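# Observations on the model geometry
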Amino acid sequence: MTRIAIITGSTRPGRKSPAIAAWVHQNAARRDDVDYEVVDLADFDLPHLEEPVAAAMTGEYRHPYTRRWSQTIAAFDGYVFITPEYNHSMPGVLKNAIDHLYTEWHDKPAGFVGYGTHGGTRAVEQLRLVMGELHIADVRAQVALSLFTDFHNGTELVPGDHQVKTLNTMLDQVARWANALAPLRATYGRQTPGAKPTVDESRRSDRMEGSRS
Ligand SMILES: Cc1cc2nc3c(=O)[nH]c(=O)nc-3n(C[C@H](O)[C@H](O)[C@H](O)COP(=O)(O)O)c2cc1C
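Treat the numbers as computed from the prediction; the structure is a model and nothing was measured.

### Some thoughts on helix H5 (residues 161-180)
Taking 1.5 Å per residue as the helical rise, H5 with its 20 residues ought to reach 28 Å, and the 29 Å between its terminal C-alpha atoms agrees with that figure. Residues of H5 that are buried include every one of Gln163, Leu167, Met170, Leu171, Gln173, Val174, Ala175 and Ala178, and no others.

### So, the pattern of salt bridges
The final tally for this structure, using the stated rule, is 9 salt bridges. Put simply, glutamate 37 and arginine 3 hold a salt bridge, and the shortest N to O gap is 2.7 Å. One end of the pair, glutamate 37, is in strand S2 (residues 34-40); the other, arginine 3, is in strand S1 (residues 2-8), and 34 residues separate them in sequence. In this structure glutamate 37 comes out as partly exposed when scored by relative accessible area, which is 37%. A relative accessible area of 25% means that arginine 3 is categorised as partly exposed. One salt-bridge network, held together by shared partners, links Arg31, Asp33 and Asp172.

Parameters and conventions
- Residues numbered from 1 in each chain as written.
- Predicted model: local features only at pLDDT ≥ 70, side-chain atom pairs only at ≥ 80, totals over all residues.
- Heavy atoms only, no water.
- Helix = DSSP H or I, 4+ residues; strand = E, 2+ residues; numbered from the N terminus.
- Expected span 1.5 Å × (residues − 1).
- Buried < 20%, exposed > 50% of the residue type's maximum accessible area, 1.4 Å probe, protein only.
- Salt bridge = Lys/Arg side-chain N within 4 Å of Asp/Glu carboxyl O.

Dropping the structure here:
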């Protein structure tokens, strides 16, 4: 069964991301072709990056918390990122969690649920830039929840019906691409959570030779 993680992008006290992740999960759970699971960044307690070697270089991690995060993310076939907008970008805690890993993200799709005064669209646009570097295929459909119209008093989530329609379109696209990319993952990916990386070494050297900077 295809497995998709719904990743919360904020960890501060009073955050909205768990309620939004629960709404996404509730809608997604109606589907029988895919297994969805909420992955809460708050459960991983990652510090600011303290690995001495970048994940793209060896994929071997010094810290147990990074290995646990790696095993969790490697086990999924795709992702739905729930991201608020902080100063026109994604929260630092989300970028930090993304930066801890590399090949674990490869050859998988991602969809986005943004929220903020303008639906978190600027945060999602910035996340899309990051996705390219991680060999993540970001789908077009995107949920943009407005703090003014999709939350009661700016706090309680009450999304409009049109948001459910967009959410389902996004989930369809993520599921389709997760299946389409499965042969690539079978060839190049980390197939067993916790296994030593079976990476496409050409991709690492691609990075190191500076074909992208
Ligand atoms: C540090 C910070 C910066 C913010 N900057 C923006 C912003 O640039 N644009 C926006 O639409 N909302 C902004 N907001 C409002 C958040 O999108 C809103 O408070 C949201 O609920 C935060 O997500 P969270 O509750 O999951 O932490 C900001 C909030 C915080 C805490």
